[in-house]
Amino acid sequence: ATGANVYYENQNVARVEVNEVVAIGAAKDASFVNNGDGTYDVTYTISLENFSNVTLSNVQVTEDLASAFVGATSWSLQSVTTSGGLTDNSGFTGTTAGSTNLLASGNTLARNGTGTITVVVRVTPGSGLGPYGNQVTVSGSSPDGTTTSDLSDSGTDADPDGDNNPNEAGENDTTSLTFTEDRGLGIAKTFSTPTSIGGGVFETTLTFNIQNLSDAINGVALNNVQVTDNLNLTFPSPATYTVQSKAVTAVSSGSSATINAGFNGNTTQTLLASGTLARQGTATIEVVVRFDPNGLTGPFNNQATATGTTPQGTVLTDLSDNGTNPDQDGDGWGNEQTLSAPDTGNGGYSNNTTTDENDATPITFTETPLLGVAKRVVSVTALTSANRGLFDAIFEVTLENMGDVNLNNVQAVDDLSVTFAAPATVVSVSNITSALAENTSFDGSSDKNLLLATDILIPGQTETIQFTVRFDPNGRNNITNAVTASATSPAGIPVNDTSTEGTDPDGTDNDNNPD
C-alpha cells in the first residue's frame, strides 16, 4: 500500500518528501503427526514478512482455530512459539470467546523483516478426516498510521510471484489438510496334526494369529477387535465336533484380548469377549476341537474372520490365511487376493498382490482303518431218527471296527465247501440272523457272502452273525472253519481280516490289532 507523504524539515534544509510503501504478507504451512490413538498433532507454521520500506508496528496475527476445526470431535491448543523477535500472546486460545490474537501487543517488524509463529494443535477428528481449511490474517501499522493487512497464502512464501505485493489473486489461498489413517488388520490360522482319541474321534488345536498391520509411526490402534469362526461350515453334517477348550495364549505389549468363554463355534461364533491391538500389536488364540468325520474324508476347510475398528470408526476385516503370517507379502495389508482384487475390507483401499492372503486352512487327518473278525461254534447237536448221523452246528461270527474311521461295504465270506470238504458234506444252511443286512441266499458254496455289503460299521461298533449248518461228517472227526471279513474306509482304503477263534477279534492280547 502507498501511504501519505512524509515531510522532514530543519532550519537549513528545504522540505524532503518521502513516499511510504506499506505492505505485509503471511504464508501458512501445515503438517501433522498421527498419534495412533485417534488424535493428531497439527503443526501450523506461519511465516510473516514486511514488504514495506518502513518499520511496521502493532503487528498482529489473528487465528480462529474454533472455526478451522468446527467439524472435528475436539481440539486443544498445545503450544505457540515465535522467532524473529516476535512475542506471542500468552492469552491466545484460538476462540472468539477467548482470544484469537497470536501476538502480544507492541510487536514490530523491521522493513524487509521476517518472523515465524509455530502453533501446535491436537485434533481428534472422529469420523471427519477433513479437509480442514484454515487461514490467518496479519496486520500492521506504518509510522504515519497507515494500516496494512494480508490473508495468509498456503505454503511458506507470502509473495510467490516476488513483486512485493502479497495481497494479490492467487496469493491468498486457504491452507488445507486432510487426516489419514495408516491402517491394516490381518489374521492367519494353522492346525495341529489331528490325533485319534478313539471311537472315530480326532483332536486338533487351531491357532489364530491376529496382527494390527498399521505402520509403527503413523498407524492407529484398533478397538473392538473380534475373531469369528463358524465351525458348522468347517465340519458339515454328518461330521460332528465339540470345542474342548479355548484361550488367549499371547498378547503383545499395549494390546489386550479376553477369550469369550461361551464360544462353541455353533450358536456362539465370536472368540473374544474384548480386544484391542496397539500399532503392530499381536494376539494369539488357541482352540482345541474334537471332531468325528462320520464317513467324510476331508479336508475340512476352516476360515475365520477378524474385525477391528479404527479410532475414526472405520471397520477393518480380514479372512484368515493359511499359515502363521497374516501378511505374506509384507505390504501392510492382510485382506488381499490374487488377480488384483480390491481390498474392500480395509476401508476401501485397493491393493494389488501376487500372493493370495485369504486361503482357508485345510484340516486333514490320516485314516487308520482296521477291521477284526472272530468266529466260534455256539453249539453242535447230533440229530436223531430220520436224520441220524447228521449234525446241526450253530456258528457265530463277530465283526468289530477297531479303527478310527467308518467302515463301508462290510462283508464276511465263509467258504463251507472248504470247511466241509469230502468226504464231509453240507446238507443245508439256515437261520442266518444279524443286525446287519444278511444275505439270505448264502449257502457257503455257490454264494459264500454272509452279508449284502450295504452296512457301515462306525469305530468301536461290534455286530454278530449267526447261522446254522446241517452237515454229514462222513467219518471226518476234525473240522475247522474260518471267515474272511472285508470293508473299505471312507477314502477307499480296503481292509480285511481272517477270523480268530472266539468272540473277541482282538484275541487275548488286547493290543487293538486283530489276531
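All values reported here derive from a predicted model rather than from experimental measurement.

## A closer look at the overall build of the protein chain
Reasoning step 1: When its secondary structure is counted, the protein chain shows three helices and 33 strands.
Reasoning step 2: Taken over the C-alpha trace, the protein chain has a radius of gyration of 45 Å; the compact-globule value for 515 residues is 24 Å, which it surpasses by more than 25%.
Reasoning step 3: Residues counted as buried form 43% of the 515 residues belonging to the protein chain.
Reasoning step 4: When contacts within the protein chain are restricted to residue pairs at least 6 apart in sequence, long-range pairs at least 24 apart make up 70% of them.
Reasoning step 5: Approximately 22800 Å² of the protein chain is accessible, and the part contributed by carbon and sulfur atoms is 46%.
Reasoning step 6: Computed over 15 positive and 57 negative side-chain charges, the inter-centroid distance for the protein chain is 14 Å.

## Focus: unusual backbone geometry
Reasoning step 1: Going from G130 to P131, the amide bond is cis rather than trans, its omega being 10°.
Reasoning step 2: When you line up the elements, P131 lands in the loop between strand 7 (114-124) and strand 8 (132-134).
Reasoning step 3: Omega for the peptide link from G298 to P299 comes to 0°, which places this bond in the cis form.
Reasoning step 4: The residue P299 is located in the loop between strand 20 (282-292) and strand 21 (300-302) in this model.
Reasoning step 5: One non-glycine residue with positive phi stands out, namely N58, at about 50°.
Reasoning step 6: Among the structural elements, N58 can be located in strand 5 (residues 57-62).
Reasoning step 7: Using a relative accessible area of 47% as the deciding quantity, one classes N58 as partly exposed.
Reasoning step 8: You will see that S385, though not glycine, has its phi angle at about 55°, which is positive.

## Description of the pattern of salt bridges
Reasoning step 1: For the structure shown, the criterion picks out eight salt bridges.
Reasoning step 2: Note that K375 is salt-bridged to D414, the shortest N-O span being 2.4 Å. Note that K375 is positioned in strand 26 (residues 371-382) and D414 in the loop between strand 28 (408-413) and helix 3 (416-419), a separation of 39 residues in sequence.
Reasoning step 3: By relative accessible area, K375 is classed as buried at 3%.
Reasoning step 4: D392 serves as the salt-bridge partner of R470, at 2.7 Å between the closest nitrogen and oxygen.

## What about the side chain of K375?
Reasoning step 1: Side chain to side chain, K375 and D414 meet in a polar contact 2.4 Å long.
Reasoning step 2: Sequence-distant contacts of K375, that is, excluding residues within four places in its chain, are made with F395, E396, V397, D414, F467, N481, V483, S499, T500, E501 and G502.

## A word on the sheet that holds strand 26
Reasoning step 1: An order of 29-30-27-26-33 is seen for the five strands of this open sheet, with the pairing classed as mixed. Each edge of the open sheet is held by one strand with a lone partner, namely strand 29 (425-434) and strand 33 (500-501).
Reasoning step 2: As judged from the two bridges shared by strand 26 and strand 33, these two strands associate in the parallel manner. Its bridge partner lying in strand 33, A374 is registered against T500.

## Here we look at the side chain of D455
Reasoning step 1: Looking at the secondary structure, you find D455 in the loop between strand 29 and strand 30 (462-472).
Reasoning step 2: Buried charged residue D455 carries no salt bridge. Nearest counter-charge: K375, at 18 Å.
Reasoning step 3: Polar contacts involving the side chain of D455 include one to the main-chain amide nitrogen of A437, which spans 2.7 Å.
Reasoning step 4: If we skip the residues at most four places from it in the chain, D455 touches L407, N408, N409, V410, L436 and A437.

## So, the sheet that holds strand 3 (residues 24-34)
Reasoning step 1: The sheet built from five strands is open, its strands ordered 6-7-4-3-11 with mixed pairing. In this open sheet, the two strands that pair with only one neighbour each are strand 6 (74-83) and strand 11 (153-154).
Reasoning step 2: In terms of strand pairing, strand 4 (residues 40-50) meets strand 7 through ten bridges, oriented antiparallel. Following the sheet pairing, I46 is matched in strand 7 by I117.

## A short note on the packing of aromatic side chains
To describe a pair of aromatic rings, one takes the distance between the centres and the angle between the planes.
Reasoning step 1: Under the definition given, this model contains 18 aromatic pairs.
Reasoning step 2: Ring centres of F32 and Y40 lie 5.7 Å apart, and the angle between their planes is 80°; on these two criteria the pair is classed as edge-to-face.
Reasoning step 3: On the basis of relative accessible area, F32 is assigned to the partly exposed category, the value being 28%.
Reasoning step 4: Residue class for Y40 comes out buried when judged on its relative accessible area of 0%.
Reasoning step 5: Pairing F202 with F291 gives two aromatic rings, centres 5.7 Å apart and planes at 20°, and the pair type is stacked.

Conventions and cut-offs
Residues numbered from 1 in each chain as written. Predicted model: local features only at pLDDT ≥ 70, side-chain atom pairs only at ≥ 80, totals over all residues. Heavy atoms only, no water. Helix = DSSP H or I, 4+ residues; strand = E, 2+ residues; numbered from the N terminus. Rg over C-alpha atoms; globule rule 2.2 N^0.38 Å. Buried < 20%, exposed > 50% of the residue type's maximum accessible area, 1.4 Å probe, protein only. Contact = heavy atoms within 4.5 Å. Areas by Shrake-Rupley, 256 points an atom, 1.4 Å probe, with all protein chains shown as cover. Lys, Arg positive; Asp, Glu negative; His and termini not counted. Charge placed at Lys NZ, Arg CZ, Asp CG, Glu CD. Salt bridge = Lys/Arg side-chain N within 4 Å of Asp/Glu carboxyl O. Polar contact = N/O pair within 3.5 Å; in protein donor to acceptor, adjacent residues only side chain to side chain. Pairing = 2+ DSSP bridges. Phe/Tyr/Trp six-rings, centres within 6.5 Å; stacked < 30°, edge-to-face > 60°.

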